[in-house]
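Here are the chains, one letter per residue:
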Amino acid sequence: KAGVTQTPRYLIKTRGQQVTLSCSPISGHRSVSWYQQTPGQGLQFLFEYFSETQRNKGNFPGRFSGRQFSNSRSEMNVSTLELGDSALYLCASSLATSTDTQYFGPGTRLTVL
Amino acid sequence: AQSVSQHNHHVILSEAASLELGCNYSYGGTVNLFWYVQYPGQHLQLLLKYFSGDPLVKGIKGFEAEFIKSKFSFNLRKPSVQWSDTAEYFCAVNMDSNYQLIWGAGTKLIIKP
């Protein structure tokens, strides 16, 4: 079974731009979670989607948004990029419930200049 | 605020030594508990999880963890580490099954051959 894939793997943007990251979950998984990983903060939860509905959202500003499509693929968008948005963005998929194992993708490394 | 603490950010051990990594969380309600591991150059992957039943859970590669509710702890143990256990270990907690994982800052474990 193919794993979680994320595209692109690397991105370089400048302040003020916007960016869209994509995540394809494992086949059959309906839940997708997004995390921001930085050396100082560790993994911070962004949001979780299930069947095209956001079930929970972390403490990030409204510049961070996401969506999920009917095939469970998910995208996250960051508008008006700031230097502090530089991070590794991880996507994880799971079957459905909060006790299910999350399977992680390789991440998208975003650098904001 | 709900939080997860991992007491040691860096641990260096020799092969065959015993390992215990601490994890504490601040929440008095129902929790689901996870340990994830990231080996060098690999994705995050599940080591073990607890959501009910026997508080002593066994995971892959000889790891185990014990949930002690009265201490709000979920410490990871391995009786005899190997060089291949060199990795970063993360404790994560889901509180009240709300589809959000809160993560500890991680512990970097280095095993000297």
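Data block above holds the structure.
Bear in mind that the values here come from a model prediction, so they are computed numbers and not experimental data. (Residues numbered from 1 in each chain as written. Chains lettered and ligands numbered in written order. Predicted model: local features only at pLDDT ≥ 70, side-chain atom pairs only at ≥ 80, totals over all residues. Heavy atoms only, no water.)

Undergrad: When you look at the overall build of chain B in this model, what are you seeing that I'm missing?
TA: Regarding its fold elements, chain B presents 0 helices and 12 strands. The N-to-C order of helical and strand elements in chain B reads β-β-β-β-β-β-β-β-β-β-β-β. Relative to the compact-globule value of 13 Å for 113 residues, chain B shows a C-alpha radius of gyration of 13 Å, a close match. Taking the principal axes of its C-alpha atoms as reference, chain B extends roughly 40 × 25 × 20 Å. Buried positions account for 47% of the 113 residues belonging to chain B. Within the structure as shown, chain B displays about 5,400 Å² of accessible surface, and the carbon and sulfur contribution to it stands at 53%. (Helix = DSSP H or I, 4+ residues; strand = E, 2+ residues; numbered from the N terminus. Rg over C-alpha atoms; globule rule 2.2 N^0.38 Å. Buried < 20%, exposed > 50% of the residue type's maximum accessible area, 1.4 Å probe, protein only. Areas by Shrake-Rupley, 256 points an atom, 1.4 Å probe, with all protein chains shown as cover.)

Undergrad: Looking at this structure, how should I read unusual backbone geometry?
TA: In terms of backbone geometry, most residues other than glycine have negative phi values and most peptide bonds are trans. Between T7(A) and the following residue, P8(A), the backbone shows a cis peptide bond with an omega angle of -10°. Looking at the element boundaries, P8(A) is found in the loop between β1 (5–7) and β2 (10–13). Here S51(A), not a glycine, exhibits a phi torsion of approximately 45°, which is positive. Assignment of secondary structure puts S51(A) in the loop between β5 (42–50) and β6 (53–57). Judged by its relative accessible area of 33%, S51(A) falls in the partly exposed class. One non-glycine residue with positive phi stands out, namely F72(B), at about 50°. Relative to the helices and strands, F72(B) resides in the loop between β8 (64–68) and β9 (73–78).

Undergrad: How should I be thinking about the interface of chain B and chain A in this particular structure?
TA: Where interface size is given, it is often the accessible area lost as the parts come together that is meant. On the side of chain A, 19 residues touch chain B, which itself brings 17 residues to the contact. Of the roughly 1,600 Å² buried between chain B and chain A on both sides combined, carbon and sulfur atoms contribute 57%. Where chain B packs against chain A, one counts 0 salt bridges. Counting across the chain B and chain A interface gives 5 residue pairs in polar contact (both at pLDDT 80 or more). Listed by contribution, the elements that provide at least two residues to the side of chain B that touches chain A are β5 (31–38), β6 (45–50), β10 (87–95) and β11 (101–103) of chain B. (Contact = heavy atoms within 4.5 Å. Buried area = accessible area lost by both parts, 1.4 Å probe. Salt bridge = Lys/Arg side-chain N within 4 Å of Asp/Glu carboxyl O. Polar contact = N/O pair within 3.5 Å; in protein donor to acceptor, adjacent residues only side chain to side chain.)

Undergrad: When you look at the pairing of strand β12 (residues 107–112) of chain B in this model, what are you seeing that I'm missing?
TA: Remark: a regular strand shows side chains that alternate across the two faces of the sheet. Residue and element names in this part refer to chain B. Burial along β12 is one-sided: T107, L109 and I111 are buried, and none of K108, I110 and K112, which face the opposite way, are. Pairing between strand β2 (residues 10–14) and β12: 5 bridges, direction parallel. Bridge pairing links L13 to I111 in β12. With 3 bridges connecting them, β10 and β12 associate as antiparallel partners. Of the residues in β12, the one forming a bridge with Y89 is T107. (Pairing = 2+ DSSP bridges.)

Undergrad: How should I be thinking about the pattern of salt bridges in this particular structure?
TA: One side chain can pair with another of opposite charge once the charged atoms of both are near each other. Taken as a whole, this structure holds 9 salt bridges over all chains when the rule is applied. One salt bridge in this structure joins D85(A) and R63(A), with 2.8 Å as the shortest N-O distance. Taken together, the residues D85(A) in the loop between β8 (74–78) and β9 (87–94) and R63(A) in the loop between β6 and β7 (64–68) connect sequence positions 22 residues apart. Of the charged contacts, one joins R77(B) and E64(B) as a salt bridge, the two residues approaching to 3.4 Å between their closest N and O atoms. In this pair, R77(B) sits in strand β9 while E64(B) sits in strand β8, placing the two residues 13 residues apart along the sequence. Relative accessible area serves as the criterion here: at 23%, R77(B) is assigned to the partly exposed category. Note on E64(B): relative accessible area 17%, which makes it buried. Linked by salt bridges that have partners in common, K58(B), E64(B), E66(B) and R77(B) make up one network.

Worth remembering: the numbers are spatial, not functional.
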